[in-house]
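Coordinate analysis (summary)
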Amino acid sequence: ADVDACGHHCVCTTARGSVSLLDLRSRTCPEILRLHATPIVSAALSERFKQLVTVSLDGTLAAWSLASAAWLHEFQITDEVPQVLALAPTGPHLAAVGTRSGSMFVFNVEDGSAIHCARTPDSQPVVSLVFACSVDSKAHSMQEPQVVTCDAAGTLALHCRVNGFVMT
């Protein structure tokens with residue numbers, strides 16, 4: 001689930017592959033989209049791009065317009081089981097997906113390009129990930145995005161965009 005910046009709505013996913021939007025003020029929760037053929041494992045809102053991005057057990061990552069509920073893009077993660085999804089809060093429209101095998105994929109949602117960021121074969125499942133963007137105080141600009149992952153053993157890893165999101 002993900003909550004909008006105003007704190008009024010929460011996106012909830014279902015085992016049926018649909019998305020509901022919980023209105024926290026009225027306490028209503030209508031189903032808004034039927035997205036995937038398999039359960040959705042993670043969803044995130046991009047208020048900056050006015051999109052909803054979801055990933056399901058079958059490895060499908062999909063981007064949807066919040067305004068029209070129209071399908072925009074779809075990406076496929078093959079031979080992997082997604083577990084968690086995060087969107088970059090600044091810079092390019094990037095989505096990161098962590099998998100059961102310990103791999104991470106980064107997608108540019110705007111142009112469809114993908115980067116597979118393999119980890120060691122004995123990696124634990126990625127259970128959490130987040131984009132971390134820092135500000136260069138001297139230049140007053142955003143630095144390249146980085147992804148921090150946490151695996152099932154509690155190991156944290158930093159993946160930098162300048163290195164192709166390879167673990168550093």
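Side note on the overall build of the chain
Scanning the chain from terminus to terminus reveals zero helices and 17 strands. Burial analysis of the chain (168 residues in total) assigns 42% to the buried set. Surface exposure of the chain reaches about 8400 Å², of which carbon and sulfur atoms provide 55%.

Things to note about the sheet that holds strand β16 (residues 146-151)
As summarised here, the arrangement of the three strands in space is β13-β16-β17, forming an open sheet in which the pairing is antiparallel. A single partner strand is all that each edge strand has here, and the edge strands are β13 (126-132) and β17 (156-160). For this sheet the average axis-to-axis angle between neighbouring strands, irrespective of direction, equals 20°. Bridge count for β13 against β16 is six bridges, and the pairing is antiparallel.

Considerations on the pairing of strand β10 (residues 94-99)
Burial runs high along β10: six of the six residues are buried. Along β10, one buried face is formed by Leu94, Ala96 and Gly98 and the opposite face, lined by Ala95, Val97 and Thr99, is buried too. Of the pairings in the sheet, the one linking strand β9 (residues 82-87) to β10 comprises five bridges and is antiparallel in character. Among the inter-strand pairings, Pro82 is bridged to a residue of β10, identified as Thr99. If you look at the hairpin formed by β9 and β10, you'll find six residues sitting between the two strands, and Gly91 has a positive phi there, around 70°. Linking β10 to strand β11 (residues 104-108), which pair antiparallel, is a turn of four residues; within it Gly102 sits at a positive phi near 95°.

With respect to the pairing of strand β2 (residues 9-13)
Bridge count between β2 and strand β3 (residues 18-23): five bridges; the pairing is antiparallel. Within β3, the position partnered with Val11 by the bridge is Leu21. Following β2, the chain reverses through four residues before pairing antiparallel with β3; Gly17 in that reversal takes a positive phi of roughly 90°.

Thresholds, definitions, all that
- Residues numbered from 1 in each chain as written.
- Predicted model: local features only at pLDDT ≥ 70, side-chain atom pairs only at ≥ 80, totals over all residues.
- Heavy atoms only, no water.
- Helix = DSSP H or I, 4+ residues; strand = E, 2+ residues; numbered from the N terminus.
- Buried < 20%, exposed > 50% of the residue type's maximum accessible area, 1.4 Å probe, protein only.
- Areas by Shrake-Rupley, 256 points an atom, 1.4 Å probe, with all protein chains shown as cover.
- Pairing = 2+ DSSP bridges.
- Axes fitted to C-alpha atoms, helices over the stretch in contact; angles between N-to-C directions.

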